Amino acid sequence: MASVHRNVKRPAAMTKPVPVPELIPEKALILSGFGINSEMETQRALARAGMGADIVHINDLIAGRTGLSAYRLIVFPGGFSYGDDTGAGNAYANRIRNNLWDDLLEFLDGDNLVLGICNGFQILANLGLVPAFDRTCARDIALMPNRGGRLECRFVTIKPANENLWTKGIERIWCPVSHGEGNLSCSKETLQKIKQKKMVAFTYCREDLIPANGEYPFNPNGSVEDIAGITSASGRVLGMMPHPERAMEFVNLYDWPLLKEQMKRSGTVLPMESLNMQIFRNIVAYFD
């Protein structure tokens, strides 16, 4: 596990913050709004990876106080936008479609990236930006209520299903989930196309990387074929239910005290940050 972390002196791992690198010229736009609650963690994760980001309320975008053209990455972060009152991510997606759709399509025509995490994934699914087999952006998937019928707030293990710009250098990561509607569902035909085009980015698994096979709690929501995240057909849009930004630090991991003792006794250098940061470092590497 430690081999994929940055090596540091052992005492510093627990007492000093990770140094923030020089920022690349490209910037990210992190969308905010009513009920979104993960903007600051996402901004911090990107800054630590080397990319500056502005948090902008959706009303300011609609009012034209800022525009998408100044950015290379758009992030739809986690939360419960508009209270999920009309379905998870649906109201926020409608505000995008009714007010910013042409701007967003123009943004996607460029060599830019879009990331949706948890509620952000639900927004992308409602907009048809994933899987987005073509420019019609049909709504081909749905994130349905969890099979267990309740909010799931726990750590899960996920692993890459295919190598792409988002998954490079990742064997597995431990992420928190916090959602009531993460059960990815679609037709058999849509699922076949997603798999054929290698658009499954992450799947839920056990800690030893054996597939979850739908078994709870390894698959926390009943998602078809353990899918935790998918990309668009272009590969430049990623939607995922787990929250990598909520466990940036090694000490954020649920079992870090046990891991710390195991590493100390084996002589392994303690990491300062978790494996989850690799997703954000991959974003920076794409532009850098």
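Everything below is about the structure shown above.
Residues numbered from 1 in each chain as written. Predicted model: local features only at pLDDT ≥ 70, side-chain atom pairs only at ≥ 80, totals over all residues. Heavy atoms only, no water.

J.: Explain the overall build of the protein chain here, please?
T.: Within the protein chain, the regular secondary structure consists of 9 helices and 11 strands. Here the C-alpha atoms of the protein chain give a radius of gyration of 18 Å, agreeing with the 19 Å that 2.2 N^0.38 yields for 288 residues. Judged by the C-alpha coordinates and their principal axes, the protein chain covers about 55 × 40 × 35 Å. Across the 288 residues in the protein chain, those meeting the buried criterion constitute 55%. Residue pairs at least 24 apart in sequence account for 78% of intrachain contacts in the protein chain once pairs closer than 6 positions are excluded. (Helix = DSSP H or I, 4+ residues; strand = E, 2+ residues; numbered from the N terminus. Rg over C-alpha atoms; globule rule 2.2 N^0.38 Å. Buried < 20%, exposed > 50% of the residue type's maximum accessible area, 1.4 Å probe, protein only. Contact = heavy atoms within 4.5 Å.)

J.: Help me out: how do you make sense of the pairing of strand β7 (residues 173-179) in this one?
T.: In regular strands, side chains alternate between the two faces of the sheet. Along β7, 7 of the 7 residues are buried, which leaves the element largely enclosed by surrounding structure. Bridge count between strand β6 (residues 152-160) and β7: 7 bridges; the pairing is antiparallel. In the strand pairing of β7, F155 is matched with P176. (Pairing = 2+ DSSP bridges.)

J.: Help me out: how do you make sense of the nonpolar core in this one?
T.: L46, L73 and I283 are the most contacted members of the largest nonpolar core, which totals 83 residues. It is helix α9 (residues 277-287) that contributes the most residues to this core, 6 residues altogether. If we skip the residues at most four places from it in the chain, I283 touches L46, M51, L73, L113, L115 and W166. (Core = buried A, V, L, I, M, F, W, Y, C linked by side-chain atoms within 4.5 Å.)

J.: Would you mind going over helix α7 (residues 188-196) with me for this structure?
T.: At 3.6 residues per turn, the α-helix brings residues three or four places apart onto the same side. Burial in α7 covers these residues: T190, L191 and I194. The arc that holds every buried residue of α7, seen down its axis, measures 100 degrees, which confines them to one face. Along α7, exposed side chains directed more than 90 degrees from the buried face belong to K188, E189 and Q196. Where the residues of α7 are buried, they touch β5 (141-144), β8 (183-186), β9 (200-205) and β10 (227-231). (Arc of directions from axis to C-beta.)

J.: I keep staring at the pattern of salt bridges and nothing clicks. Help me out?
T.: Under the defined criterion, the tally for this structure stands at 15 salt bridges. E26 is the salt-bridge partner of R72, the closest N and O atoms lying 4.0 Å from each other. Linking R72 in the loop between α3 (58-62) and β3 (73-76) with E26 in the loop between α1 (10-15) and β1 (27-32), this pair joins segments that are 46 residues apart in sequence. By relative accessible area, which is 25% here, R72 ends up partly exposed. Between E273 and R281 there is a salt bridge, with the nearest N and O atoms lying 2.9 Å from each other. As far as burial versus exposure is concerned, E273 and R281 are alike and both buried. Among the charged side chains, a salt-bridge network with shared partners connects E26, R72 and D111. (Salt bridge = Lys/Arg side-chain N within 4 Å of Asp/Glu carboxyl O.)

Worth remembering: the numbers are spatial, not functional.
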